[in-house]
Each structure stands twice: as C-alpha cells, then as structure tokens.
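Listed below, chain by chain, are the residues.
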Amino acid sequence: MSLRARCLGLSSAALLSAAAQAEIVDIAWSSEGRFERRLTVAPGKFAEVCGKLVKAESVAWRFDASGPLNFNVHYHEGKEVRYPERRDALASASGQLRVALDQDYCWMWTNKSAQPVDLQLLLTR
C-alpha cells in the first residue's frame, strides 16, 4: 500500500476517490533537511503533506495561509488516528514535532470556507 493510502487509512481504490478531493504531497527533504511547498486548498477540500519519520527525530514546522484553515499533524496506529497537534481556524502557526514512534506523519489543512486558501509551508529537520 502506498504512503498516501496508509496516511489516509484508505485502500488503493478509495485513494483514487480521495485524490479527486484533495492535494496529497509526499515530503522530499532537501540536502539541508528542509521541505518547502506552496499549495492552494480548494473550498471544502483538504491538502496533506506526508512522510516517514523515525523515533527521536524533530521537525520544526511553520505555515502561513491567506485565510483560516483547520490544521493537524497526525499518524495512524492500526485504525486509530493520533494527533500530536490539532487546531482550528488558523491562518498561521508554527511548532515542533518530536517524533515518538517510527511512523508516517502527515501535516493536514482543511478549508471549511467557500473560497480557495493559499498556503505556504516550511518543514525543517
């Protein structure tokens, strides 16, 4: 099963349906340990950035958006979803993820508004 399917907790068929509703991006770290991305989150949709992290890693994260978004950092343990970070209606935020388990971690934004929201993200190991 792909990282995207695991991150969303979906089968391959369900992943195709979800992809039509969301932007899902695999984290590709630069040689300096950075990942930067600009995304547009469509009205009523979500965007997600996911990647494999190992225990004891630490990732500083920061995002700025043109409007409020619901935001979380999550991973899956079986059928359970765990949220190291979860906040609603933010246009910007920053924090530090201290990785407790070898896991696929996802940063996710949901746009509950009727307008597209532009988002700029920076992750740093």
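Residues numbered from 1 in each chain as written. Predicted model: local features only at pLDDT ≥ 70, side-chain atom pairs only at ≥ 80, totals over all residues. Heavy atoms only, no water.

Caption draft 1: Broad picture of the overall build of the protein chain. Within the protein chain, the secondary structure is distributed over two helices and seven strands. Counting from the amino terminus, helix and strand elements in the protein chain follow one another as α-α-β-β-β-β-β-β-β. By residue count, 42% of the 125 residues in the protein chain fall in the buried class. The long-range share in the protein chain, meaning contacts at least 24 apart out of those at least 6 apart in sequence, stands at 73%. Summed over all atoms, the accessible surface of the protein chain reaches about 6,800 Å², with 48% contributed by carbon and sulfur. (Helix = DSSP H or I, 4+ residues; strand = E, 2+ residues; numbered from the N terminus. Buried < 20%, exposed > 50% of the residue type's maximum accessible area, 1.4 Å probe, protein only. Contact = heavy atoms within 4.5 Å. Areas by Shrake-Rupley, 256 points an atom, 1.4 Å probe, with all protein chains shown as cover.)

Caption draft 2: A look at the pairing of strand β6 (residues 103-110). With eight of eight residues buried, β6 lies mostly within the body of the structure. Both strand β3 (residues 46-53) and β6 contribute to a ladder of eight bridges, which runs antiparallel. Counted as the bridge partner of A47 is W109 from β6. (Pairing = 2+ DSSP bridges.)

Caption draft 3: Spotlight on the packing of aromatic side chains. In the structure shown here, the tally under the stated rule is six aromatic pairs. Consider the rings of W61 and F63, whose centres lie 6.3 Å apart with planes at 15 degrees: the pair is stacked. You'll find W61 and F63 in the same group, each marked buried. Their ring planes at 80 degrees and their centres at 5.6 Å tell us that F63 and W109 sit as a pair that is edge-to-face. Here F63 is found in strand β4 (residues 58-77), whereas its partner W109 is found in strand β6, with 46 residues between them in sequence. Look at F63 and you get buried, because its relative accessible area is 0%. (Phe/Tyr/Trp six-rings, centres within 6.5 Å; stacked < 30°, edge-to-face > 60°.)

Caption draft 4: Broad picture of the nonpolar core. V49, F63, L97, W107, W109 and L123 are the most contacted members of the largest nonpolar core, which has 27 residues in total. For this core, the elements supplying multiple residues, two or more each, are β2 (34-41), β3, β4, β5 (80-98), β6 and β7 (117-124). For this core, the element with the most residues is β4, which contributes eight residues. Beyond its immediate sequence surroundings of up to four residues, W107 is in contact with I27, A47, E48, V49, L53, V59, W61, F71, N72, V73, L97 and L123. (Core = buried A, V, L, I, M, F, W, Y, C linked by side-chain atoms within 4.5 Å.)

Caption draft 5: Quick peek at the pattern of salt bridges. The tally for this structure, following the rule as stated, stands at four salt bridges. Two residues, E57 and R125, come together in a salt bridge whose shortest N-O distance is 2.7 Å. Of this pair, E57 sits in the loop between β3 and β4 while R125 sits in the segment after β7, and the two are 68 residues apart along the sequence. Look at E57 and you get buried, because its relative accessible area is 16%. The exposure class assigned to R125 is partly exposed, which follows from its relative accessible area of 44%. (Salt bridge = Lys/Arg side-chain N within 4 Å of Asp/Glu carboxyl O.)

Distances and angles like these do not, on their own, reveal function.
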